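Report on the structure
If you want the building blocks of each chain, they are given just below.
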Amino acid sequence: MRVPNLASLLELLEISQPPSSFVTERNLQFNALSFTSPPLPEAIEATPEAFRANETIDAARALDAAGLCFGDAAEENADECQITFVPADYDDTADDTVPRTVGVIFFGGALVDPRGYSPLMRLLSDTFGLPVSLPIFEGDLSLKFGTCETGRLAQAQTAFPLVRKWIFAGHSLGGISAFNDAWAMAERNETDAIGGLVLLSSYVRQDFGCGMTNFSGSEWDWLPFASVSASEDGVMNATNFAAGQYLLPSGSPMFLNETIEGGNHGGFGSYDDSERKVLLNQTNGNATITNEEQQQQTAVIINSISEMTETDSVQSEDDEALGVNSAHSSGSPSGYPSMFPTEVHENDNTFSAAFSVAGSMTGCKVFTKSTNISTTMVCACNGEDHHQR
């Protein structure tokens, strides 16, 4: 676990050379900052009615500050500490309820009101049928300094008991929280609930949180993983983003590396970023597409990860029923590392979000990756890989 000093905290928040008045007037410490970007009207409209009032969000922030949103108190306060987006057909009270495979727990960016992400969460729940948990944090900072993880999965599980696997997703600072949560769970060999990782304008780094996080090894090939950037992002540190690419599972057939053309940093949410230029010295970037268009593309990518997760879960159940040994290899966090090739098709990173599972068979996994140019079938079976165009 690594705890940042003041200088590294500023860098973590992508704040470069902030005005000196910011530090003094805003009382920048290791605890919450006094500034947060408010949600736009359309974000309030997309937020469940119970959480539309500022007072409700403030009460949830206070619960988190008191340590009542995680640990022993997590289940008791699950309804207050997170905003949940429930698909229309989700019902955990019915007698014939079928367990859901995948849900999403989403961590917002630093100093952004969580309701600013409601439109994207609404797309995931209403369009793609994914149960979503949007945790609320003290000061709207998901990364807890002095701890390695958020501890919020328990509340998501309380809200959606039918969900068996969770995609950890996050925007900007929230992406750091997402991969730290997954890493910490894997370190404890608690991978059954991990369904995938999605980083939006974020990147894996080893100087905060859980330390030497590195998802590039073949032992992580089981993990559906998406790294999503925006072409007009003026906030994210491009040098750090590029430097962190070697920590991603780029050789895995379960990896998506996507750039949303015309999108910017704030377009993953729907919040008022007008004060961030003055207070945080952040320039969002000039988007050439709307927030709605950017979020629609983002939701498609997250749903692609959920489809990989769901198929992987079905494959695991089929293997178990047929007595196939799909146990984790020694030193592997989870999954099917021996069944995936170390190298995949040379154009692997050029494929778009149209990454769909074509089918599966015992001992093998078959994926189809499609672009407007070609389609490649990847069959990973017993340590061998075969490509068919």
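Look above for the structure.
Let us look at the structure shown here.

1. Some details on the overall build of the protein chain
Across its full length, the protein chain carries 11 helices and 11 strands. Contacts in the protein chain between residues far apart in sequence, at least 24 positions, make up 78% of those at least 6 positions apart. For the protein chain, the computed accessible surface area is about 16,000 Å², with 48% contributed by carbon and sulfur atoms.

2. Some words on the sheet that holds strand E7 (residues 255–260)
The mixed open sheet is built from 7 strands, whose spatial order is E1-E3-E2-E4-E5-E6-E7. Both outer strands of the open sheet, strand E1 (82–85) and E7, are each paired with one neighbouring strand and no more. In this sheet, neighbouring strand axes are inclined to one another by 20° on average, regardless of whether the strands run parallel or antiparallel. Pairing of E1 with strand E3 (residues 132–135), which is carried by 4 bridges, proceeds in the antiparallel orientation. Residue pairing across strands places Ile-83 opposite Leu-134, the latter belonging to E3. Across the sheet, helix H8 (residues 173–187) touches strand E2 (100–107), strand E4 (163–171) and strand E5 (194–200), and the angle it forms with E4 is around 140°.

3. Observations regarding the nonpolar core
By size, the foremost hydrophobic cluster in this structure holds 42 residues, and its most contacted members are Trp-166, Phe-168, Leu-197, Val-204, Phe-215, Leu-223 and Phe-225. Taken together, the elements giving at least two residues each to this core come down to E2, helix H7 (153–159), E4, H8, E5 and helix H10 (276–280). The leading source of residues in this core is H8, at 9 residues. When neighbours within four sequence positions are excluded, Trp-166 is seen to be in contact with Gly-103, Val-104, Ile-105, Pro-131, Leu-153, Ala-156, Gln-157, Phe-160, Ala-193, Ile-194, Gly-195 and Gly-196.

4. Describing H8
One turn of the α-helix equals 3.6 residues, which is why residues spaced by three or four share an orientation. A rise of 1.5 Å per residue sets the reference length of H8, with its 15 residues, at 21 Å; its end C-alpha atoms lie 21 Å apart and thus fit the reference within 8%. A large share of H8 lies buried, amounting to 14 of its 15 residues. Asn-189 sits one or two residues past H8 and shows a positive phi near 60°.

5. Some details on the side chain of Gln-155
Along the chain, the position of Gln-155 falls in helix H7. Among the residues examined, Gln-155 registers a relative accessible area of 0% and is labelled buried. In this structure the side chain of Gln-155 is engaged in a polar contact, spanning 3.3 Å, whose partner is the backbone oxygen of Cys-69. Side-chain polar atoms of Gln-155 contact the backbone oxygen of Ala-74, separated by 2.8 Å. Apart from the residues within four sequence positions on either side, Gln-155 is in contact with Leu-68, Cys-69, Ala-74, Asn-77, Ala-78, Cys-81 and Gln-82.

6. Brief notes about the packing of aromatic side chains
Enumeration according to the criterion identifies 13 aromatic pairs in this entry. Lying over the aromatic face of Phe-137, Arg-152 brings its terminal NZ or CZ to 4.4 Å of the ring centre.

7. Brief notes about the state of the cysteines
Under the criterion given, the structure shown has 2 disulfides. In this model Cys-69 forms its disulfide with Cys-81; the gap between the sulfur atoms is 2.0 Å. In this structure, the disulfide formed by Cys-69 and Cys-81 twists by about -75° around the S-S bond and is classed as left-handed. You can see Cys-69 sitting in the loop between helix H4 (54–65) and helix H5 (78–81) and its partner Cys-81 sitting in helix H5, a full 12 residues away along the chain. The disulfide partner of Cys-148 is Cys-210, and the S-S distance across this bridge is 1.8 Å. Handedness of the Cys-148-Cys-210 disulfide follows from its S-S torsion of about 140°: it is right-handed. Separated by 62 residues along the polypeptide, Cys-148 in the loop between E3 and H7 and Cys-210 in the loop between E5 and strand E6 (225–230) bring together distant segments of the chain. In this structure Cys-148 comes out as partly exposed when scored by relative accessible area, which is 23%.

8. Quick notes on the environment of Gln-245
Relative to the helices and strands, Gln-245 resides in the loop between helix H9 (238–243) and E7. Residues Gln-245 and Asn-257, 12 residues apart in the sequence, show an inter-C-alpha distance of 9.9 Å. Among the polar contacts listed, one links the side chain of Gln-245 to the side chain of Asn-257, at a separation of 3.5 Å.

9. Notes on the pairing of E4
Among the 9 residues that make up E4, 8 are buried, leaving the element largely enclosed by the rest of the structure. Relative to E4, E2 runs parallel, the two being bridged by 7 bridges. Within the sheet, the bridge partner assigned to Val-104 lies in E4 and is Ile-167. In terms of strand pairing, E4 meets E5 through 6 bridges, oriented parallel. In the strand pairing of E5, Ala-169 is matched with Val-198. Viewed along the sheet, the connection from E4 through H8 into E5 turns out right-handed.

Conventions used here
Residues numbered from 1 in each chain as written. Predicted model: local features only at pLDDT ≥ 70, side-chain atom pairs only at ≥ 80, totals over all residues. Heavy atoms only, no water. Helix = DSSP H or I, 4+ residues; strand = E, 2+ residues; numbered from the N terminus. Contact = heavy atoms within 4.5 Å. Areas by Shrake-Rupley, 256 points an atom, 1.4 Å probe, with all protein chains shown as cover. Pairing = 2+ DSSP bridges. Axes fitted to C-alpha atoms, helices over the stretch in contact; angles between N-to-C directions. Core = buried A, V, L, I, M, F, W, Y, C linked by side-chain atoms within 4.5 Å. Buried < 20%, exposed > 50% of the residue type's maximum accessible area, 1.4 Å probe, protein only. Expected span 1.5 Å × (residues − 1). Polar contact = N/O pair within 3.5 Å; in protein donor to acceptor, adjacent residues only side chain to side chain. Phe/Tyr/Trp six-rings, centres within 6.5 Å; stacked < 30°, edge-to-face > 60°. Lys NZ or Arg CZ within 6 Å of the ring centre and 35° of its normal. Disulfide = S-S within 2.5 Å. Right-handed = clockwise from strand over helix to strand, strands pointing away.

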